[in-house]
Structure formats: structure tokens, C-alpha cells
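Listed below, chain by chain, are the residues.
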Amino acid sequence: PEVITVQELANRMAEKGADLVKSLFKMGQAVTLNQSIDQDTAELLVEEFGHRIQRVSEADVEIGIEGELDPVESLKVRAPVVTIMGHVDHGKTSLLDALRGTDVVAGESGGITQHIGAYQVTTKGGDIITFLDTPGHEAFSEMRARGANVTDIVILVVAADDGLMPQTIEAINHTKAAGVPMIVAINKCDKPEANPQKVRERLLEHEIVVEDMGGDVQDVQVSALKKTGLDELIEKILLQAEVMELTANPDRAAEGNVIEAQLDKGRGAVATVLVRKGTLKVGDTFVIGAESGKVRALVNDKGQQVKFAGPSVPVEVLGLSGVPMAGDQMTVVENEARAREVAAYRQEQITRKRTASVPTNFENMFSALS
Ligand code: GDP
Ligand code: MG
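Reading the values: the criteria
Each residue is numbered by its place in its chain's sequence as written, counting from 1. The lettering of chains begins at A and the numbering of ligands begins at 1, in the order of writing. This being a predicted model, a pLDDT of at least 70 is required before a residue's local features are given, and a value of 80 or more before pairs of side-chain atoms are given or counted; all residues contribute to the totals for chains, interfaces and linings. As a rule here, side-chain values cover all heavy atoms of the structure and leave hydrogens and water aside. The axes are straight lines fitted to the C-alpha atoms, using for helices just the contacting stretch, and the angles between their N-to-C directions are given from 0 to 180°. Helix and strand definitions here come from DSSP, where helices need a minimum of 4 consecutive H or I residues and strands a minimum of 2 consecutive E residues; each element is numbered from the N-terminal end. Roughly parallel covers angles under 35 degrees, roughly antiparallel covers those over 145, roughly perpendicular covers 65 to 115, and oblique covers all other angles. Crossings are sorted by hand: turned counterclockwise from the far helix by less than a right angle, the near helix makes the crossing left-handed, and turned clockwise it makes it right-handed. Any two residues whose heavy atoms approach within 4.5 Å at even a single point are treated as in contact. Residues were grouped as follows: Ala, Val, Leu, Ile, Met, Phe, Trp, Tyr, Cys and Pro as nonpolar; Asp, Glu, Lys and Arg as charged; and all remaining residues, including Gly, as polar. Paired strands, in this sense, are two strands between which DSSP finds at least two bridges. Each residue gets one of three labels from its accessible area relative to the maximum for its type: buried under 20%, exposed over 50%, partly exposed in between, using a 1.4 Å probe on protein chains only. We call a residue near a given molecule or strand whenever any one of its heavy atoms falls within 4 Å of it. Here a polar contact is taken to be a pair of N or O atoms separated by no more than 3.5 Å, where protein atoms must pair a possible hydrogen donor with a possible acceptor and residues adjacent in sequence count only if both atoms sit in side chains. Here the accessible surface of atoms and residues is derived via Shrake-Rupley with a 1.4 Å probe, and residues count as covered only by protein chains that are part of the display. The arc in question is the one traced by the directions running from the helix axis out to the C-beta atoms. What we call a nonpolar core is a set of buried Ala, Val, Leu, Ile, Met, Phe, Trp, Tyr and Cys residues that are connected through their side-chain atoms within 4.5 Å. We define a salt bridge as a contact between a side-chain nitrogen of Lys or Arg and a carboxyl oxygen of Asp or Glu at a distance within 4 Å.

- Named according to an unreviewed UniProt entry, the protein chain is Translation initiation factor IF-2 originating from Sphingobium indicum BiD32.

Have a look at this one:
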């Protein structure tokens, strides 16, 4: 199969596209710049031009193919990752806080609650749920745009006194586009003017059919203020997660995504990473986006230093060379040489994406040849 266009290969080697076309012609292949060539031909060309073949792209190929490269027997159940979406003032922040308050280990751990962009709740039954603490449709779609579909389940918050509003509908559309299952939390049910039934009916117009109305979308009446319905909501999240059979291999080099990142006074560049698979450890060498580094310390959502973090666990990572962007991929690699190699490869990808949006070069070269 064809793996790369002549122009792309030329770019990577920093050679003239026309020279590659000439060489290909000598090899008996009449190919133009924007045509693709196969792996063997590409390797021949690379050697002919005196370059080394780097198979750095393999690490990148693995990215985002959850579980696929791990043998089935290595897969273990992991916590669901939940995002809360909904219209402004419908109670997203209040619900996140209320759910956080249900954590049975928060008190015992002695740690101080930290806002690191995500947190974990241990339920009465001992199950764990990861909540992304950055509600907002922009964060959700930006992450998706960057290829990071980190959310397993969306909770759609709808205020029972206000009903479906523009951002509610926007959230429904984002969730549908992402193909993520939804649980509807009808909030503010403590208010006398609350009308949960009207919310269910209005949802029908957007093809969201809750169980009561004969559909398969779970819904629950809650009050983030009075803290009612929270156990039921948690139950429904766990039920949904069970159906989805969420798994990951914890015994491999870690891969994760940046949830948020900033430059911290005193601590330097800090990123909250949600581990997707494998186990991230202190001392691990990694690449985040196009930055490389070595894990100096890991801090959990309770503000405690930890030695490692497994699948679905959010942790602050210290030891970065720069501030990455939300959604950026973190990949643990075997050594620093490899880290630099992958980082350089990714940097090149980023640069090429930028130049690709300026089509003049390409067109000119093509017409010059034909
Ligand atoms: P967000 O914009 O979606 O994050 O909404 P907030 O959590 O900031 O809540 C907006 C307002 O609604 C605040 O004044 C909350 O106190 C109030 N609120 C949130 N949940 C409830 C609830 O269950 N009942 C009532 N009565 N008020 C609530
Ligand atoms: Mg809020």
C-alpha cells in the first residue's frame, strides 16, 4: 500500500521534490509530486539520498487506538471518565461539587482537595468514577478536535425550572457527534416551579428518549443544592459503565492526555494528565505533544504525592520542558534519545500541518513538472 506522497517524503528529507521525481523516474516509476509511493520505494529513496530511516512514527500510530494493541488477557476494568455538560447556570459546577462531596475516601486521606481539572470519587460500594472538572462545550470539542476522545459518559444537566436552552441543545449535538452515551440529570428539582416531565418531553424533539418514555437513555431527578438524587445518579453512571465494559492494560508504558496545563510559580510547567492505559510512574521518560521530559513528581487530586497512576487516573505531572495544550497526547518512551526522536517527529508534523494550509508551493511545483 502507498504510505506517503513524494512531496511529503521530500519535505521530511529536506530535499527538492523534483529531485525525488527524477530518481523515481530512473527507478522506472513515473510518479508526480502529489502521488503516493509504497513503503519499499520510500525506503529506497531515503537511502539513495543518504538519509537514515527512522521508524519514529510507530509510537504515533499506537495513539488513540484504545486497547487494540493490548492482548485481551491484559485488559482490566477501569473507571469511567465522565464529563458534565449543560446550559449556563443549570448547575454544572454545583453538581460537580456535590458529587465530589460523596467521595468516601476524601475525608480519610487527609489530603486537601485540589482543583487539577479532574477528580476521582470512590463510591460507598468501592467503585471509582473519574469526573472531568472542566465543564464546558469548548473544552470538550477542542479536545475532540485534537483527537482526544477522553470522555466515556456525558451527564447532561438540565434545570427543571428552565428546561432545554440553546447550550443544552449544543451539548446534545456535541455528545451525539462524539458517539458518547448520555445520562440526563434533571437538576433543581427542589424548586417549586420545577417541571421534570416537561424536560423529558422536550428531549424527544432531539431524539433523546428517556427510559420512562420507552427509550434507553437514563435520566435522574436531582438537586445539587439539596444533594438529593446523587446516589441514584452514581448508580446510573456505574450501570452505564458496566454495559460499556471499559478496560485498559495497566501493565505497559503509559499513554494519556493533557486535561489542563499551566506554568506554575515555583513548580514550573505542570500538566494534569488523564492516564488512558498503562501505568505512569515517577522517573518515566515521556513525550507530551512536541515536548519531552522526565516525571519528577506526580500529585493526585487530593494534593498528595504518589509514585504511580494507572488507567483513568488523573494526576498532575511535574518535570515538563514546556507547557503543553489540552488534549495533547502523553506517551512514555524507553529513553531520552527516543523521546527526542518522537518529539522531533511530532514537531515536524505540526509544522507540516501549518505549511499544508498554504497550498501555493505545492501547486507551483506540480505545474512546473507537468
Ligand atoms: P453552572 O453555570 O452550570 O456551573 O451553574 P452553577 O453550578 O454555577 O449554578 C448556577 C446557580 O444555580 C447557582 O446560584 C446555584 O446555587 C444554583 N443551583 C445549582 N443547583 C441548584 C439546585 O439543585 N437547586 C437550586 N435551587 N439551585 C441550584
Ligand atoms: Mg459553572
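A closer look at the packing of helix α1 (residues 6-13) against helix α2 (residues 17-26)
For any two helices packed against each other, the geometry is given by the interaxial angle and the distance between the axes.
Item 1. Where α1 meets α2, the closest approach of the two axes is 9 Å, and the angle between their N-to-C directions is 120°. Relative to α2, the element α1 lies oblique. Crossing hand, α1 versus α2: right-handed. Residue-level inspection shows Val6, Leu9, Ala10 and Met13 of α1 in contact with α2, the latter providing Gly17, Leu20, Val21 and Leu24.
Item 2. Each residue belonging to the contact of α1 with α2 can be placed in one class, and the counts come to seven nonpolar, one polar and no charged.

Some points on the sheet that holds strand β7 (residues 153-159)
Item 1. Sheet architecture is open: six strands sit in the order β5-β6-β4-β7-β8-β9, paired in mixed fashion. Either end of the sheet is taken by a strand with one partner, and the two such strands are β5 (118-122) and β9 (218-221). Adjacent strand axes in the sheet meet at a mean angle of 25° when their direction is disregarded.
Item 2. Both strand β8 (residues 182-187) and β9 contribute to a ladder of four bridges, which runs parallel. When the bridges of β9 are listed, alanine 185 appears paired with valine 220.
Item 3. Contacts from helix α10 (residues 230-244) reach β4 (81-86), β6 (128-132), β7, β8 and β9, with the element oriented near 170° to β9.

A few points about unusual backbone geometry
Item 1. Backbone geometry at lysine 188 places phi at a positive 65°, although glycine is not the residue there.
Item 2. Its place among the elements puts lysine 188 in the loop between β8 and α9 (196-204).
Item 3. Even without glycine at this site, serine 312 takes up a positive phi of about 70°.
Item 4. Tracing the backbone through its elements, the reader meets serine 312 in the loop between β17 (308-309) and β18 (314-320).
Item 5. Under the relative-accessibility criterion, serine 312 is labelled buried at 1%.

Considerations on the packing of α2 against helix α3 (residues 39-48)
Item 1. Here α2 crosses α3 at 115°, and the two axes come no closer than 11 Å. Compared by their axis directions, α2 and α3 come out roughly perpendicular. Considering how the two elements wind past one another, α2 and α3 form a crossing that is right-handed. Residue-level inspection shows Leu20, Ser23 and Leu24 of α2 in contact with α3, the latter providing Thr41, Leu45 and Glu48.
Item 2. Its residues assigned to classes, the contact of α2 with α3 comprises three nonpolar, two polar and one charged.

A short note on the site of ligand 1
Item 1. Surveying the vicinity of ligand 1 reveals 15 residues, the closest of which are Asp89, Lys92, Thr93, Ser94 and Asp190.
Item 2. The contact in question runs from an oxygen atom of ligand 1 to an N or O atom on the backbone of aspartate 89, over 2.8 Å.
Item 3. Threonine 93 is positioned with one of its side-chain polar atoms (N or O) 2.8 Å from an oxygen atom of ligand 1.
Item 4. For ligand 1, the protein covers 73% of the area, taking 580 Å² as the surface of the free molecule.
Item 5. Here the shell around ligand 1 is built from residues that sort into three nonpolar, seven polar and five charged.

As for helix α7 (residues 137-145)
Item 1. Every buried residue of α7 is listed here: His137, Phe140 and Met143. The buried side chains of α7 occupy one side of the element, clustering within an arc of 140° when seen end-on. Exposed residues pointing more than 90 degrees away from the buried face of α7 are listed as Glu138 and Ala145.
Item 2. Contact partners of the buried residues in α7: β4, β7, α8 (166-178) and β11 (255-264).

Details of the nonpolar core
Item 1. Leu95, Leu99, Phe131, Ile155, Leu233 and Ile237 are the most contacted members of the largest nonpolar core, which has 25 residues in total.
Item 2. Contributions of two or more residues to this core are made by β4, α5 (92-100), β5, β6, β7, β8 and α10.
Item 3. The element best represented in this core is α10, accounting for six residues.
Item 4. Excluding residues within four positions of it along the chain, isoleucine 237 makes contact with Pro80, Val82, Ile129, Phe131, Ile153, Ile155 and Ile183.
Item 5. Judged by nonpolar contacts, the second largest core, of 19 residues, contains Phe140, Val158, Met182 and Val184.

Side note on the pattern of salt bridges
Item 1. For the structure shown, the criterion picks out 16 salt bridges.
Item 2. Measuring nitrogen to oxygen at the nearest pair gives 3.6 Å for the salt bridge that ties lysine 176 to glutamate 207. Residue lysine 176 is located in helix α8, and its partner glutamate 207 is located in the loop between α9 and β9; the two are separated by 31 residues in the primary sequence.
Item 3. Overall, glutamate 207 belongs to the exposed group, its relative accessible area being 62%.
Item 4. A network of salt bridges, in which partner residues are shared, links Asp103, Asp301 and Lys302.

Quick word on the environment of valine 31
Item 1. Relative to the elements of secondary structure, valine 31 occurs in the loop between α2 and β2 (36-38).
Item 2. Note on valine 31: relative accessible area 11%, which makes it buried.
Item 3. It is 46 Å that separates the C-alpha atoms of valine 31 and glutamate 170, two residues lying 139 residues apart in sequence.
Item 4. Non-local contacts of valine 31, meaning those with residues more than four positions away in its chain, are made with Val6, Val21, Leu24 and Ile37.

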